[in-house]
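# A closer look at the structure
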Amino acid sequence: MKFMLALFCLFLLTAAATAQSNGDTCHVYVIDVKNTEQFRKTADFDEFVKKSKQEQEAIMKAAAVGKTYDEFVTDVGEEHLTTKTFPFPTGKQVITASVFYTDESMRSSNHQDSILLGISVGAKAASDALSEPDAAIAEISYDDNTDTVRVKRSMLVNSRRYVVGLECRCKSHPHEKN
């Protein structure tokens, strides 16, 4: 519950993409835990949600609670990997986010496709977050009913605690495998 307000606020600021692709729409976010706790102590949530999106963005930016990076669209297909990198908001670290689709890793009732999400932070960009030793990784069954998948991790950067996450919204159309 500690980060729910910050997560909700960051998701309010994330624009919905209308990509002309079969891929899923993903975004990376970083939450500054200390600033989020301060924001929670001073913010009136009921008043916050009544404000316009522009006003909410200004409040969030002034509170420096976190950053949501631009959305990207994955390449959906058997054994397809999409990897994106982003600069960490403070310091010289690099965030690597990877999304991988397969049918060989996890079998569920009447379905064998799955989606893996991985996120890591390091001194340099990784070629694949899923194979990084410090990565947070999540896997879920992937079918026409898959809606949203998220992976996140808590970490210290320059003696400050952050939550780094990757969230993907899956298309509601049948998933086509290449």
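Residues numbered from 1 in each chain as written. Predicted model: local features only at pLDDT ≥ 70, side-chain atom pairs only at ≥ 80, totals over all residues. Heavy atoms only, no water.

## What to know about the sheet that holds strand β5 (residues 94-102)
Where we set the bar: Two strands pair under a simple rule: DSSP has to find at least two bridges between them. Counting from the N terminus, the helices are the DSSP runs of H or I reaching at least four residues and the strands are the DSSP runs of E reaching at least two. In this analysis an axis means a line fitted to C-alpha atoms, helices contributing only their contacting stretch, and an angle means the value between N-to-C directions, from 0 to 180 degrees.
Ordered in space as β4-β5-β6-β7, the four strands form an open sheet in which the pairing is antiparallel. Looking at which strands have only one partner, the edges of the open sheet turn out to be β4 (81-87) and β7 (136-141). For this sheet, the mean angle separating the axes of adjacent strands, direction not counted, is 10°. Summarising the sheet, β4 and β5 pair through seven bridges and their orientation is antiparallel. Within β5, the position partnered with T85 by the bridge is T96.

## Brief notes about the packing of aromatic side chains
Inclusion rule: Any two of the Phe, Tyr and Trp rings considered here, Trp counted by its six-membered ring, make a pair once their centres fall within 6.5 Å; the pair's planes then place it as stacked at under 30 degrees, edge-to-face at over 60, or tilted in between. Only protein chains enter the calculation, and the probe is 1.4 Å; a residue is then buried if its accessible area is under 20% of its type maximum, exposed if over 50%, and partly exposed in between. Charges are assigned to positions over rings by a cutoff of 6 Å between ring centre and Lys NZ or Arg CZ, combined with an angular limit of 35 degrees from the ring normal.
Under the criterion given, the structure shown has five aromatic pairs. Measuring from ring centre to ring centre gives 5.0 Å for Y69 and F86, while their planes differ by 40°; the resulting arrangement is tilted. You can see Y69 sitting in the loop between β2 (66-68) and β3 (72-73) and its partner F86 sitting in strand β4, a full 17 residues away along the chain. In this pair, the class of Y69 matches that of F86, namely buried. With centroids separated by 5.0 Å and ring planes inclined at 85°, the aromatic side chains of F88 and Y162 adopt a geometry described as edge-to-face. Linking F88 in the loop between β4 and β5 with Y162 in strand β9 (residues 160-169), this pair joins segments that are 74 residues apart in sequence. The same class applies to F88 and to Y162, which are both buried. Of note, K67 hangs over the ring of Y69, and the distance from its end group to the ring centre comes to 4.9 Å.

## Focus on helix α2 (residues 33-42)
Our working rule: Here the arc refers to the set of directions running from the helix axis out to each C-beta atom.
For α2, the full list of buried residues reads V33, N35, T36 and F39. Mapping the buried residues of α2 onto a view down its axis gives an arc of 160°, with all of them on the same face. Across from the buried face of α2, at angles greater than 90 degrees, the exposed residues are K34, K41 and T42.

## Some details on the nonpolar core
Convention followed: We define a nonpolar core as any set of buried Ala, Val, Leu, Ile, Met, Phe, Trp, Tyr and Cys residues linked to one another through side-chain atoms lying within 4.5 Å. By definition, residues are in contact when any of their heavy atoms lie within 4.5 Å.
V28, I95 and L166 are the most contacted members of the largest nonpolar core, which totals 28 residues. Those elements that provide at least two residues to this core are β1 (25-32), β5, β6 (114-122), β7, β8 (148-157) and β9. Dropping the residues within four chain positions of it, V28 is found in contact with K67, T68, Y69, F72, F86, I95, A97, I119, G165 and L166.

## With respect to unusual backbone geometry
Despite not being glycine, N158 shows a phi value in the positive range, around 50°. By the secondary structure assignment, N158 is in the loop between β8 and β9. Using a relative accessible area of 59% as the deciding quantity, one classes N158 as exposed. A positive phi is found at S159, a non-glycine position, where the angle reads about 65°. Tracing the chain through its elements places S159 in the loop between β8 and β9.

Read these as layout, nothing more, since geometry by itself doesn't imply function.
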